[in-house]
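Here is how the chains run, residue by residue.
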Amino acid sequence: MPTRATKRGADRTRLDCDCDVLVCGASFAGLAVARELREAGAEVLLIDRYEIGERQTSACGIPTAWLEELDLLGSLRQTFGELVIHTPYTTVDYRLPWTFSTFDYRALCGLLADQGAFTFETAKVNGRTGRAVHTDRGDIRAEHIVDALGWRRVLGAGENIQPPDAQLSRGLEVHPNGSGSDMEIWIDRSYVPAGYGWSFPAGDELRIGVGSFDPRFHVRDPTERLAGDLDASAVRYQGNWIPHALRDAAEDGVYFVGDSAGHCLPLTAEGIRTALYFGLAAGRELREVLGGRWGAADALERYAAFSACHAAAFRWMLRCQRLIPRVTPRLLAGSLRGMQSRRFLDWAFGHYLEIAHPRFVAAGPRAARVQVAVP
Ligand SMILES: Cc1cc2nc3c(=O)[nH]c(=O)nc-3n(C[C@H](O)[C@H](O)[C@H](O)COP(=O)(O)OP(=O)(O)OC[C@H]3O[C@@H](n4cnc5c(N)ncnc54)[C@H](O)[C@@H]3O)c2cc1C
């Protein structure tokens, strides 16, 4: 059992306070926002129910260039130049035009946190009334509020839609000891009717899981079956809901970043680089506001528009997500084989990376205005 580092008992004092910026959620999205505020000269408070890096939220796979650009290579576990896709009728081995890497969650969060300048407190967020965020340790009032709390969108206005009715996928994985050289996925209805299975090696550990685009389909049994088929033990489970539709990135004066805004890519369930990307964008807008260059309402509007300008790419990926389960396995195998040409892969994966490109990291304070090309 991992040791829970979150403060308990007498260490858990009241937290009634005011600050300039309150960032709720200290995973990818929240830490990216805080990073951009390091020289803003503002009082930034970051809160999470767990200590930073304590609770891994994913298989931790990301295009390597994102780790390079953000100076996070210290967390890298393993790098892959190819993607192996298994279906019942074929296996294809796609050579990628860029590499993908797995990383250590705790190490990455620690490195990213070191790039920011903020106060951190553990607290569970329960809701919000206007500028006051209610936590289990008291109310925190802030001029600017960021919800980076994941799919629950805790600080949204009105009723929150819960699974299985919400636009969510579900994913579960196990982390047995072991090693491998390939990043592999399975598109196979015997595991999941709509979705895919994966095995991502990460040094001395494998991350084996199944994701279902249908939130009603339970993934525990198929995850254990896939692990068994790979001669790996089903140990150290971690799972969560995964949004697969964009939601408004600004609402009632609050910034929503990462999964809380549905920033996870619908077809692949890749949500780390997009959480970082939109986190940087939100942080840059806030930095301009704190510097007195833009008004708060303008900045929120600009951030919302920046998020919305990616809607076409998200819609396109959602359409593919819905189409693939309808394609017969034989036709799918033929199509996957037909897409093996170097030219096609460069084009397809190039466009895919373009949705949240690592060049955005170095793009500077006004980068949130950069328009991205979409497929
Ligand atoms: C099994 C699985 C595997 C995945 N693998 C990958 C992958 O390999 N690559 C990839 O790109 N994406 C992957 N994803 C998707 C990815 O995990 C998410 O898109 C990503 O974590 C979103 O980042 P975030 O910072 O927005 O939210 P999260 O990472 O979910 O972070 C939310 C933070 O808010 C905190 N929090 C939540 N509620 C409260 C509360 N009420 N009070 C206080 N704190 C709270 C949490 O503790 C957490 O720290 C995977 C998802 C799953 C479920």
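For every chain, the first residue of the written sequence is number 1, and numbering continues from 1 onward in sequence order. The predicted origin of the model limits local features to residues at a pLDDT of at least 70 and limits the giving and counting of side-chain atom pairs to 80 or more, whereas totals for whole chains, interfaces and linings rest on all residues. Each side-chain value is derived from all of the structure's non-hydrogen atoms; neither hydrogens nor water enter the calculation.

Caption draft 1: Up close: the packing of helix α5 (residues 272–290) against helix α6 (residues 296–308). Running from N to C, α5 and α6 point in directions that differ by 160 degrees, and their axes come no closer than 9 Å. The angle between α5 and α6 falls in the class roughly antiparallel. As for how α5 packs across α6, the hand of that crossing is right-handed. Across from Y277, F278, A281, A282, E285 and V289 in α5, the residues of α6 making contact are A296, A299, R302, Y303, F306 and S307. Of the residues belonging to the contact of α5 with α6, the class tally is nine nonpolar, one polar and two charged. The axes used here are C-alpha line fits, helices contributing only the stretch in contact, and every angle between their N-to-C directions lies in the interval 0 to 180 degrees. Secondary structure elements are taken from DSSP: a helix is a run of H or I of four residues or more, a strand is a run of E of two residues or more, and numbering for both begins at the N terminus. Every angle not falling under 35 degrees, over 145, or within 65 to 115 is termed oblique; those three ranges are roughly parallel, roughly antiparallel and roughly perpendicular. Two helices cross in a left-handed way if the nearer one is turned anticlockwise from the farther one by less than a right angle. They cross in a right-handed way if the turn is clockwise. Residue contacts follow a heavy-atom distance rule, with two residues in contact if any of their heavy atoms lie within 4.5 Å. Each residue is assigned to one class: nonpolar for Ala, Val, Leu, Ile, Met, Phe, Trp, Tyr, Cys and Pro, charged for Asp, Glu, Lys and Arg, and polar for all the others, Gly among them.

Caption draft 2: Representation of the sheet that holds strand β14 (residues 237–243). One open sheet accounts for eight strands, arranged β3-β5-β4-β11-β12-β13-β10-β14; its pairing is mixed. Sheet topology places β3 (61–63) and β14 at the edges, where each strand pairs with a single neighbour. Strand after strand, the sheet turns through a mean of 30 degrees between neighbouring axes, direction not considered. When β3 meets strand β5 (residues 90–103), the two strands line up antiparallel, connected through three bridges. The residue bridging G61 from the neighbouring strand is T102, located in β5. Running over the sheet, α5 touches β3 and β5 and is turned about 60 degrees from β3. Paired strands, as defined in this entry, are two strands with at least two bridges between them according to DSSP.

Caption draft 3: Expanded view of the site of the ligand. We define proximity as follows: a residue is near a molecule or strand when any one of its heavy atoms falls within 4 Å of that partner. Taken together, the neighbourhood of the ligand is formed by 35 residues, with S27, D48, V125, D259 and I272 sitting nearest. Counted as a polar contact is a pair of N or O atoms within 3.5 Å, where, for protein atoms, one must be capable of donating a hydrogen and the other of accepting one, and residues adjacent in sequence contribute only when both atoms are in side chains. At 3.0 Å, a backbone N or O of G271 approaches an oxygen atom of the ligand. Protein burial of the ligand: of its 990 Å² of free accessible surface, 95% is covered by the chains. Taken together, the elements giving at least two residues each to the shell around the ligand come down to α1 (28–36), β10 (168–174), β12 (195–202), β14 and α5. Accessible surface area values rest on a Shrake-Rupley calculation with a 1.4 Å probe, where residue burial reflects the displayed protein chains alone.

Caption draft 4: Local environment of the side chain of E184. Relative to the assigned elements, E184 resides in strand β11 (residues 183–186). Whether a residue is buried, partly exposed or exposed follows from its accessible area with a 1.4 Å probe, protein chains only, as a fraction of its type maximum: under 20%, in between, or over 50%, in that order. Positive charges are assigned to Lys and Arg, negative charges to Asp and Glu, while His and the chain termini are left out of the count. Think of a salt bridge as a Lys or Arg side-chain nitrogen and an Asp or Glu carboxyl oxygen that are within 4 Å of each other. For the buried E184, no salt bridge is present, and the opposite-charge side chain at shortest range is R207, 14 Å distant. Here the side chain of E184 touches H86 through a polar contact of 2.8 Å, side chain to side chain. Sequence-distant contacts of E184, defined by excluding residues within four places in its chain, comprise V84, H86, G197, W198, S199 and F200.

Caption draft 5: Main features of the packing of aromatic side chains. Stacked, tilted and edge-to-face pairs are distinguished by plane angle, under 30 degrees for stacked and over 60 for edge-to-face with tilted covering the rest, among Phe, Tyr and Trp rings (Trp via its six-membered ring) whose centres lie within 6.5 Å. Within this structure, the stated rule accounts for 17 aromatic pairs. Judged by centre distance (6.3 Å) and plane angle (40 degrees), the ring pair of W98 and F100 falls under tilted. Pair check on accessibility: W98 and F100 agree, each one buried. In textbook terms, an aromatic cluster arises when at least three aromatic residues are bridged by ring pairs, as seen for W66, Y277, F278, F306 and F360. The ring of F256 has R153 lying over it, and the distance from NZ or CZ to the ring centre is 3.8 Å. The ring centre of Y237 lies 4.4 Å from the NZ or CZ of R220, which sits over that ring. Either the NZ atom of lysine or the CZ atom of arginine qualifies as a charge over a ring when it sits within 6 Å of the ring centre and within 35 degrees of the ring normal.

Caption draft 6: Structural view of the pairing of β11. Neither face of β11 is left uncovered, since the one carrying M183 and I185 and the one carrying E184 and W186 both have all their residues buried. Here strand β4 (residues 76–87) runs beside β11; their pairing, made up of four bridges, is parallel. If you follow H86 over to β11, its bridge partner there is W186. In terms of strand pairing, β11 meets β12 through three bridges, oriented antiparallel. Its bridge partner being in β12, W186 is matched across the sheet by G197.

Caption draft 7: Structural view of a positive patch on the surface. There is a patch of like positive charges on the surface, built from R49, R55, K124 and R152. For R152, the position within the fold is in the loop between β9 (138–147) and β10. For patch building, the residue pool is restricted to those with more than 30% relative accessible area and no salt bridge; the joining distance is 9 Å between like charges and 5 Å between nonpolar side chains (Val, Leu, Ile, Met, Phe, Trp, Tyr). One atom stands in for each charge, and that atom is NZ of Lys, CZ of Arg, CG of Asp or CD of Glu.

Caption draft 8: Structural context of the pairing of strand β1 (residues 17–24). Pairing geometry for β1 and β9, over seven bridges, is parallel. Directly across from D18, in β9, lies its bridge partner R141. Of the pairings in the sheet, the one linking β1 to strand β2 (residues 44–48) comprises four bridges and is parallel in character. Opposite V21, over in β2, you have V44 as the bridge partner.

Caption draft 9: Here's a closer look at the pattern of salt bridges. Within the structure shown, the criterion is met by 18 salt bridges. Between R302 and E285 there is a salt bridge, with its nearest N and O atoms 3.2 Å apart. Here the residue R302 occupies a position in helix α6, and E285 occupies one in helix α5, the gap between them amounting to 17 residues. Given a relative accessible area of 21%, R302 falls into the partly exposed group. On the accessibility criterion, E285 (1% relative accessible area) is buried. Connected through salt bridges with shared partners, the residues R35, E36, R38, R284 and R287 form a single ionic network.

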